[in-house]
Amino acid sequence: MLHLLPTEIALQIASHLPLQSLYQVSLVSREWRSLIADNLRTVYRNAAILHHFVLHADLQAESPCREQRDWTQLCRRQLEIERGWRGKAPSTAKELTATGKFVHRIKVDQNEGFVITTCYTGGLYVTDINTDRVLWAETHVADYAHCEYDHGYIIFNRHDNGKEVWRLARDFQDSDIPEDFKPDVSMITASEEAVRRNPSSTGLGHFRPWALLQMPELTRAFRFSYPTLLSANANEAYLWDVPTSRLVETISNLQAPNEDGGLGRLNYVDVNDKYVFICGSVQLRIFAREGGALVYHLTKKSLPHMHWDILPESNNVTCPSSLFQSQRLHEAFHVPESSPSNFKAAHVSSSGKDLVALTGSGAFVWIPGFERLFHREASLSDIAVVLNFSPSSDHIQDTSLYLALGESNEKAAVATRMGIYIISLDSDINKLTAEAPPRPGVSVYRVTKYDHSRHLSFITCLQMTNTGVFFNWYPSSEQNRFSQPTRHLLALPPPQPPAPAPAPAFVHVFVDQAVTPAQDAEAHDGEGQDVHMPELHLVESSDDDDPAEDDASDPPSPTIVGPPPLVDMLEDEDEEEEEEEEEVHIGFVANEEAEDFEMEDMEDMEEPVVIDNIQFNGDGFMQVMNDWFLPINPSMVHCIHV
């Protein structure tokens, strides 16, 4: 009998009960009711820790006054949140219009109540989630900038390979700024202008410059996990302590070949206090921060062959007002991938215990307790869970778009060309609903009403908090407007003057790398890649087909964090369309079968109009950068709360 045991043992046993069972236990007898009632705070505090509502590290960092929280209410609220994620309680969708129509990257501070966004067209905005009002804006931020945020620090890239660090204005004084890598004049000036444009009595969401970190070499991807900023290129990883603005570690030879080959193209990076995670197109590698040794690597062929295909679940609507629909998991054998699909992203959990990865073909890998792999305490096939979001093998292009990992609720979100999905993997959390988790202990839910394939393909960011998921989506105000068949623009910089030769009969342009912006973007809150233009080779064919005339210089590829690669290849151009050397050659590719693309008041324009580096015409928005026209997809922040 529970009440006959020593109180400490009885409370420990009670703390392992599902939350619903705690109430039922109190109804068994007066003695049990008295045991629970007399130790109510201890019982629910232990239950909150057991079910990962709070972490031990957070409890240790809390002040004594915070420890007086109502643990019973906390558990009840978390139970309701969990029911919401599982589609058993209402959820709501909201569009934040104040962020503008060209959102590129998103970061969320749930405690402060604001969302941070950067835009295709430049600028950074801090928006109140509840009131949909801009709290603070910084207009000098570069086009297509990636940003990171944690513990009140914003970090975003500049086009000179520097990383600007800004900090919540209320958190420091000017005397606290480190001596090394101080903000430059442009940052100070921009800060003063931002204060004038966004006056506030409370200073909520206001930031001030903290540092301007100059990388030793050009870097491709960066990730910030307080207090460490990881910035890496193809072969070097630099780790900075952001509060002190010091370069504290360098890990070299990221590309060193092993028995399974090299790392491949750098796609994503992540970091915690013990490891550096480098996600390449061929391998996912884990380096120890102490000493920089490679401790583990993962390849696609090493993944377990038994996958769980994610299939729609019919007739399973638990709560009509929920936006999350349960999916069916079907176990199936999959041969190792031989396609060019690669690792898109990888994340380590806030607890440091779990690792998740996503491949371009839609394979999601969750490895609980990943350290057991390189300590030889378990094999990958024993502990890894592989979900397949592309059961059909008919997909030629990559399926995956973005990967996000929850802050502390052990959930993940995946955006693909077929939908947005929420994944939950935690056997303990399943006890909250008094259900036996389906093998292999994974639950998958699809976000309904966000299933437009074209709009899905334009997702460039996905973020997850304890109570919601945030992503950029096509503005609702644009969806009902007059539409017309989509046309794509591609502009080529003027070629170098060729040697004297007969006039060419026609011109072909070959794109070495044809990747959509969504394909090349990091599939995760990731992470600021330096994205280069595809190489374009201009091949002229004359009547005598002289090989010497087939050479033309490539357009310059920017060595900066820039916009994603262009998509389309030029069709054959007519001889009449060739312009003089100094002019930009523009090729139009009509895709009559593509989804309609809506525009406002632009249908009758015969000539493109460029205003503030944005071209407007009847075929869409195109960003003008260094004589290139780059596609801009209108999008705003959408959030779904449980």
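What you are looking at is a predicted structure, and each value in this text was computed from that prediction instead of being measured.

Next up on the list: the environment of glutamine 173. Residue placement: glutamine 173 occurs in the loop between strand S8 (162-168) and helix H7 (185-197). The exposure class assigned to glutamine 173 is exposed, which follows from its relative accessible area of 53%. Residues glutamine 173 and arginine 208, 35 residues apart in the sequence, show an inter-C-alpha distance of 9.8 Å.

Here we take up the sheet that holds strand S29 (residues 468-473). An order of S1-S40-S29-S28 is seen for the 4 strands of this open sheet, with the pairing classed as antiparallel. Both edges of this open sheet fall to strand S1 (92-96) and strand S28 (462-464), since each of them pairs with a single strand only. Neighbour-to-neighbour, the strand axes of the sheet open up by a mean angle of 20°, direction not taken into account. Taken together, the 6 bridges between S29 and strand S40 (residues 636-641) define a ladder with antiparallel strand orientation.

On to the nonpolar core, then. Grouped together as the largest cluster of nonpolar side chains are 45 residues, with contacts concentrated most on Phe364, Ile367, Phe370, Leu387, Phe389, Ile423 and Val444. Counting residues per element, this core draws most heavily on strand S22 (residues 363-367), which supplies 5 residues. In this structure, phenylalanine 364 is in contact with Val356, Ala357, Leu358, Val385, Val386, Leu387, Phe389, Leu403, Ala412, Val414 and Ile423, ignoring residues within four places of it in sequence. The next biggest cluster of nonpolar side chains, apart from the first, holds 33 residues, and it includes Phe324, Ile422, Tyr445 and Ile459.

Before going further, it helps to examine the pattern of salt bridges. Applying the stated criterion across every chain, the model contains 16 salt bridges. In this structure, the salt-bridge partner of aspartate 174 is arginine 208, at a minimum N-O distance of 2.5 Å. Here aspartate 174, found in the loop between S8 and H7, pairs with arginine 208, found in strand S9 (residues 207-214); they are 34 residues apart in sequence, far enough to count as distant. Looking at aspartate 174, the relative accessible area reads 54%, which means it is exposed. What emerges from the salt-bridge pattern is a single network uniting Lys107, Glu148, Arg223 and Asp270.

Right, let's talk about the packing of aromatic side chains for a bit. A complete count under the given rule lists 24 aromatic pairs for this structure. Consider the rings of tyrosine 120 and tyrosine 144, whose centres lie 5.2 Å apart with planes at 65°: the pair is edge-to-face. Within this pair, whereas tyrosine 120 is found in the loop between strand S3 (114-119) and strand S4 (124-128), its partner tyrosine 144 is found in the loop between strand S5 (133-138) and strand S6 (147-150), the two being separated by 24 residues in sequence. Of the residues examined, tyrosine 120 reaches a relative accessible area of 3% and is grouped as buried. What makes tyrosine 144 buried here is its relative accessible area of 2%. On the basis of an interplanar angle of 80° and a centroid distance of 6.1 Å, the ring pair of tyrosine 153 and tryptophan 210 is categorised as edge-to-face. Of the two residues, tyrosine 153 sits in strand S7 (residues 153-157) while tryptophan 210 sits in strand S9, which places them 57 residues apart along the sequence. Exposure remark for tyrosine 153: the relative accessible area of 2% places this residue in the buried category. Tryptophan 210 sits in the buried class, given a relative accessible area of 2%. Each member of the aromatic cluster is reached from another via a ring pair, and the members are Phe114, Trp136, Tyr149, Trp166 and Phe207. Just above the ring of tryptophan 210 sits the side chain of arginine 167; from NZ or CZ to the centre is 4.8 Å. Its guanidinium or amino end placed over the ring of phenylalanine 172, arginine 208 lies 4.1 Å from that ring's centre, counting from NZ or CZ.

Cut-off values and rules
- Residues numbered from 1 in each chain as written.
- Predicted model: local features only at pLDDT ≥ 70, side-chain atom pairs only at ≥ 80, totals over all residues.
- Heavy atoms only, no water.
- Helix = DSSP H or I, 4+ residues; strand = E, 2+ residues; numbered from the N terminus.
- Buried < 20%, exposed > 50% of the residue type's maximum accessible area, 1.4 Å probe, protein only.
- Pairing = 2+ DSSP bridges.
- Axes fitted to C-alpha atoms, helices over the stretch in contact; angles between N-to-C directions.
- Core = buried A, V, L, I, M, F, W, Y, C linked by side-chain atoms within 4.5 Å.
- Contact = heavy atoms within 4.5 Å.
- Salt bridge = Lys/Arg side-chain N within 4 Å of Asp/Glu carboxyl O.
- Phe/Tyr/Trp six-rings, centres within 6.5 Å; stacked < 30°, edge-to-face > 60°.
- Lys NZ or Arg CZ within 6 Å of the ring centre and 35° of its normal.

So far we have only geometry, and geometry alone does not tell us how the molecule works.
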